[in-house]
Amino acid sequence: MLSGFRKLKSGAGTLLTGILIMSLGSYLVIPILAVYLKQSLGFTASEVALALTVKLWAQEGLALLGGVCTDRWGVRRTMVAGLCLRAAAFLGLAVCSAK
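Described in the following lines is the structure provided in the data block. As the structure is a prediction and not an experimental result, all values here were calculated from the model.

## Examining the overall build of the protein
A tally of regular secondary structure across the protein gives four helices and zero strands. Scanning the protein from its N terminus toward the C terminus, one meets helices and strands in the order α-α-α-α. A total of 99 residues make up the protein; the buried ones form 8% of that total. Just so you have it, the protein exposes about 8,100 Å², and 73% of that area is on carbon and sulfur atoms.

## What about the side chain of serine 26?
Its location among the elements puts serine 26 in helix H2 (residues 10-40). Look at serine 26 and you get buried, because its relative accessible area is 9%. Apart from residues lying up to four places away in sequence, serine 26 is in contact with Lys55, Gln59 and Arg86.

## Considering H2
Relative to the 45 Å expected for 31 residues at 1.5 Å per residue, H2 spans 43 Å between its end C-alpha atoms, a close match to the ideal helical length. For H2, every residue scored as buried is listed here: Gly13, Ser26, Ile30 and Leu37. The first or second residue beyond H2 is glycine 42, which carries a positive phi of 75°.

## A look at a nonpolar patch on the surface
Residues Leu15, Leu16, Ile19, Met22, Met79 and Leu83 make up a contiguous nonpolar surface patch of about 470 Å² in total accessible area. Elements supplying a minimum of two residues to the nonpolar patch: H2 and helix H4 (75-97). With four residues, H2 is the single largest residue contributor to the nonpolar patch. Turning to its location among the elements, methionine 79 is positioned in helix H4.

## Some remarks on the layout of surface pockets
Size it by volume and the largest pocket reaches roughly 1,700 Å³. Along the walls of the largest pocket sit 38 residues, with Ala58, Gln59, Leu62, Gly82 and Arg86 positioned nearest its centre. For the lining of the largest pocket, the secondary-structure elements that each account for two or more residues are H2, helix H3 (45-73) and H4.

## Side note on the packing of H2 against H3
Their axes nearest at 9 Å, the elements H2 and H3 cross at an angle of 155°. The pairing of H2 with H3 is recorded here as roughly antiparallel in orientation. Viewed along their axes, H2 and H3 form a crossing whose handedness is right-handed. Residues Ser26, Tyr27, Ile30, Leu33, Ala34, Leu37 and Lys38 of H2 lie in contact with H3, whose contacting residues are Ala45, Val48, Ala51, Leu52, Lys55, Leu56, Gln59 and Glu60. Partitioned by chemical class, the residues of the contact of H2 with H3 number ten nonpolar, two polar and three charged.

## Considering H3
Counted at 1.5 Å a residue, the expected span for H3 with its 29 residues is 42 Å, and the 41 Å between its end C-alpha atoms agrees. The largest bend along H3 measures about 25° and falls at alanine 63. Buried residues of H3: Val48, Leu52 and Cys69, and no others. One or two steps after H3, the chain reaches glycine 74, where phi turns positive at roughly 100°.

About the criteria used
Residues numbered from 1 in each chain as written. Predicted model: local features only at pLDDT ≥ 70, side-chain atom pairs only at ≥ 80, totals over all residues. Heavy atoms only, no water. Helix = DSSP H or I, 4+ residues; strand = E, 2+ residues; numbered from the N terminus. Buried < 20%, exposed > 50% of the residue type's maximum accessible area, 1.4 Å probe, protein only. Areas by Shrake-Rupley, 256 points an atom, 1.4 Å probe, with all protein chains shown as cover. Contact = heavy atoms within 4.5 Å. Expected span 1.5 Å × (residues − 1). Patch = residues over 30% accessible without salt bridge, like charges linked within 9 Å, V, L, I, M, F, W, Y side chains within 5 Å. Salt bridge = Lys/Arg side-chain N within 4 Å of Asp/Glu carboxyl O. 1 Å grid on protein atoms, 1.4 Å probe; cavity = no way out; pocket = protein on both sides within 12 Å on 5 of 7 lines; lining within 4 Å. Points joined across faces, edges and corners; volume = space filled by probe spheres on them. Axes fitted to C-alpha atoms, helices over the stretch in contact; angles between N-to-C directions. Parallel < 35°, antiparallel > 145°, perpendicular 65-115°, else oblique. Left-handed = near helix turned anticlockwise from the far one by under 90°. Nonpolar A, V, L, I, M, F, W, Y, C, P; charged D, E, K, R; others polar. Bend = angle between axes of the 7 residues up to and from the residue.

So, in structure tokens, the structure goes:
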């Protein structure tokens, strides 16, 4: 498997590595987020389940929209727009959760 990865062009390998890091970060935070929502914010178990379900559906479901946008506007524009939206969402979380 690694030999196939090494044969990729440098840009493709960098892109795949970036996707791996973003996916790992996104999925590793789910158990911590569940505990935080339950213990610190006092969510019920069903509210935690709903919040995590919406997060996962948005993450996976919006990939389809990303494919449509890529076909229409190109890879670079779609990637930049997606990363800007992601950064804005994280900034919004930081601002909204600050007390």
